[in-house]
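Structural features, examined
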Amino acid sequence: SEYVNRSMQEGGWIRRMFEVGIALKAQYGEDNVFDLSLGNPIMEPPAAFHAELLRIAQSPAPGMHRYMPNAGYPETRQAVADTLASETGLPFGAGDIVMTCGAAGAANVVLRAILNAGDEVIILSPFFAEYIYYIQNHNGVPVIVSTTPEFDLDVAAVEAAITPRTRAVMLNSPNNPSGVVYPETDIAALADAITQAEERYGSEIFIISDEPYRRIIYDDMTYPQVFPHYERTIVVNSHAKDLGLPGERIGHIAIHPGYAGKAELFDGLVFCNRVLGFVNAPALMQHVVRAVQDASVDVGEYQRKRDFLYDRLTGMGYSVVKPQGAFYLFPRSPLADDEAFVAALQEYNVLVVPGKGFGTPGHFRISYCLEDRVLEGAMDGFARAAEQYLG
Ligand code: PLP
């Protein structure tokens, strides 16, 4: 279709870098190209995951690979609800949870369920580029609002962007690409501003909180939850990052247990999970993750990588907001034209993604969910680019 052709030409920065990487590796050899463009975690799943997978495979229960209710297994949904209850203090039950094909599947199901054609969804730049397409998939209109220069929530800017057609505000904390975690005070202020707008317009506005990096936070931080601040909150989440399972496509949607319209919303989500063609989240993964809700990859390893990169890059003169979570850095580009700077780094066989791919030109994204060898190898290229452009 024309829309798909146009979208493929406009977007796809991460994919494009991936292809450049393949070409450079063919030319210079695998070990001489430092690809920091992809958010594909190298961390293997925790031992508890493989132990449970083996246990299940060694004594398969009859029917464990059949169709199930479209919301997922009640026992798995209960396990997710129990985890959320302990993390938020709210009385989650299995009826508040729908298992999904990752956070991407979850976001599409939610948007399909709540949007009428032309409804607006506010997203905050820098943002995960796929949000634009997820919203457009369901005939919504993305409305981009900037965060502060430090990538924090700008509540006044969000408030000013809300219209009678606003149906949702999407949050992503820890953020891809900035690594920023929104503090509880800002979330509370945002919730107040949205509530006032609802009263002004007689509308209902959801916060969709995309939280796949919720457990990847540093410096002993406790995750600032959105749920306690706003009843029209829908969380989308996945085990792609916290259990290192991006290829297994396992995630969930959680509805606030106090939301007045939750029965209708739940039915809508289940219907959309079915008719968007997901049908249900993968059965085997639902069996496994049920038992490993408390496990996660070694977050200390990611923190070590963050510290290494942050210290080295700031030492070279790059301007970087120190990430509090996720596994990305989003430095300011020494050249106003981030695409030109990314091309300059390519000359040194270092691959990163221009900020324009995240709605924030003038920056670039580094992914550090990579082997130390790649991060260390990239330092020379960063240093030479700094000498050239930061003087
Ligand atoms: N949301 C954000 C912010 C992400 O960074 C990603 C993946 O990188 C996703 C959603 C999609 O996650 P999943 O692989 O669970 O669909």
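The numbers attached to residues start from 1 for each chain and follow its sequence in the written order. Local features in this predicted model are restricted to residues whose pLDDT is 70 or higher, and side-chain atom pairs enter the listing and the counts only when it is 80 or higher, whereas totals over whole chains, interfaces and linings include all residues.

Each residue receives a C-beta atom built from its backbone; the residue is near a molecule or strand if that atom lies within 6 Å of it. Near the ligand, the surroundings consist of 13 residues, among which G102, A103, A104, S238 and A240 are the closest. Here a helix means four or more residues in a row that DSSP labels H or I, a strand means two or more in a row labelled E, and each is numbered from the N terminus. When residues of the shell around the ligand are assigned to their parent elements, the largest contribution, three residues, is made by helix α5 (residues 102-114). Here the nonpolar group is Ala, Val, Leu, Ile, Met, Phe, Trp, Tyr, Cys and Pro; Asp, Glu, Lys and Arg are the charged ones; every other residue, Gly included, is treated as polar. Split by residue class, the shell around the ligand holds six nonpolar, six polar and one charged.

All right, on to helix α4 (residues 74-88) then. The span expected for a helix works out to 1.5 Å for each residue beyond the first. Its 15 residues place the ends of α4 21 Å apart at the C-alpha level, agreeing with the 21 Å of an ideal helix rising 1.5 Å per residue. Put plainly, a residue is buried at 20 or more neighbouring C-beta atoms within 10 Å of its own, exposed at 12 or fewer, and partly exposed in between, counting only other residues' C-beta atoms, which are placed from the backbone. Those residues of α4 not exposed but buried are T76, R77, A79, V80, A81 and L84. Taken together, the buried residues of α4 touch β2 (97-100), β8 (251-255) and α10 (283-289). Downstream of α4 by a residue or two, G89 has a phi angle that is positive, lying close to 80°. The contact criterion used here is simple: two residues whose C-beta atoms, placed from the backbone, lie within 7 Å are in contact.

Okay, the UniProt feature "domain: Aminotransferase class I/classII large" (unreviewed entry) in the protein next. UniProt positions are given in the numbering used here, feature names are shortened, and annotations may be inferred rather than shown by experiment. UniProt's entry tags residues 33-379 with the feature "domain: Aminotransferase class I/classII large" (unreviewed entry), counted in the numbering of this structure. Here residues 33-379 runs as 37% helix and 15% strand, with 12 Å between its end C-alpha atoms.

Another point: the environment of L54. Tracing the chain through its elements places L54 in helix α3 (residues 47-58). Residues L54 and P331 lie 277 residues apart in sequence; the distance between their C-alpha atoms is 42 Å.

With that settled, the discussion passes to the pairing of strand β3 (residues 120-125). Summarising burial for β3: five of the six residues are buried, a large majority. Here β3 pairs with strand β4 (residues 141-146) via six bridges, running parallel. Bridge assignment links E120 to a residue of β4, and that residue is V141. Regarding topology, helix α6 (residues 130-137) serves as the crossover connection from β3 to the parallel β4, and that connection is right-handed. Only when DSSP finds a minimum of two bridges between them are two strands counted as paired. The pairing of β3 with strand β5 (residues 166-172) spans four bridges and is classified as parallel. What sits directly across from E120, in β5, is T166. Look down the strands so they point away from you; if the path from the first strand over the helix to the second goes clockwise, the crossover is right-handed.

Reading across the sheet, the three strands line up as β9-β12-β11 and stay open at both edges, with antiparallel pairing between neighbours. Strands at the two margins of the open sheet, each flanked by one partner only, are β9 (328-329) and β11 (353-354). Across two bridges, the pairing between β11 and strand β12 (residues 364-367) is antiparallel. In the sheet register, V353 faces β12, and the bridge partner there is R365.

Moving on, we get to the packing of α5 against helix α9 (residues 262-275). Their axes nearest at 9 Å, the elements α5 and α9 cross at an angle of 120°. The pairing of α5 with α9 is recorded here as oblique in orientation. At the point where α5 passes α9, the crossing takes the right-handed sense. Touching V109, V110, R112 and A113 of α5 are L265, G268, L269, C272 and N273, all from α9. Residues that form the contact of α5 with α9 fall into these classes: six nonpolar, two polar and one charged. Structural elements are reduced to axes, namely lines fitted to C-alpha atoms, with helices fitted over the stretch in contact, and the angle between N-to-C directions of any two is expressed from 0 to 180 degrees. Roughly parallel means an angle under 35 degrees; roughly antiparallel, over 145; roughly perpendicular, 65 to 115; everything else is oblique. Should the near helix be turned anticlockwise from the far one by less than a right angle, the crossing is termed left-handed; should it be turned clockwise, right-handed.

In this section: unusual backbone geometry. At the junction of S125 and P126, the peptide bond is cis and its omega measures out at 0° in the coordinates. Among the secondary structure elements, P126 is positioned in the loop between β3 and α6. Between S173 and P174 the backbone carries a cis peptide bond, its omega angle lying at -5°. Take P174: it is sitting in the loop between β5 and α8 (184-201). Look at F151: it is not a glycine, yet its phi comes out positive at around 70°.

What follows concerns the sheet that holds β2. Here seven strands make up an open sheet; going across it, the order is β2-β8-β7-β6-β5-β3-β4 and the pairing mixed. At either margin of the open sheet sits one strand with a lone partner, and together these are β2 and β4. Direction aside, the axes of adjacent strands within the sheet are offset by 20° on average. Here strand β6 (residues 206-210) pairs with strand β7 (residues 233-238) via four bridges, running parallel. Directly across from D210, in β7, lies its bridge partner V236.

This part takes up the nonpolar core. Residues V110 and I253 are the most contacted members of the largest nonpolar core, which totals 105 residues. Element by element, the count of residues in this core is highest for α5, at nine residues. Beyond its immediate chain neighbours, meaning those up to four positions away, V110 contacts I208, I234, V236, I253 and L269. Residues of type Ala, Val, Leu, Ile, Met, Phe, Trp, Tyr and Cys that are buried and joined through C-beta atoms within 7 Å form what is called a nonpolar core.

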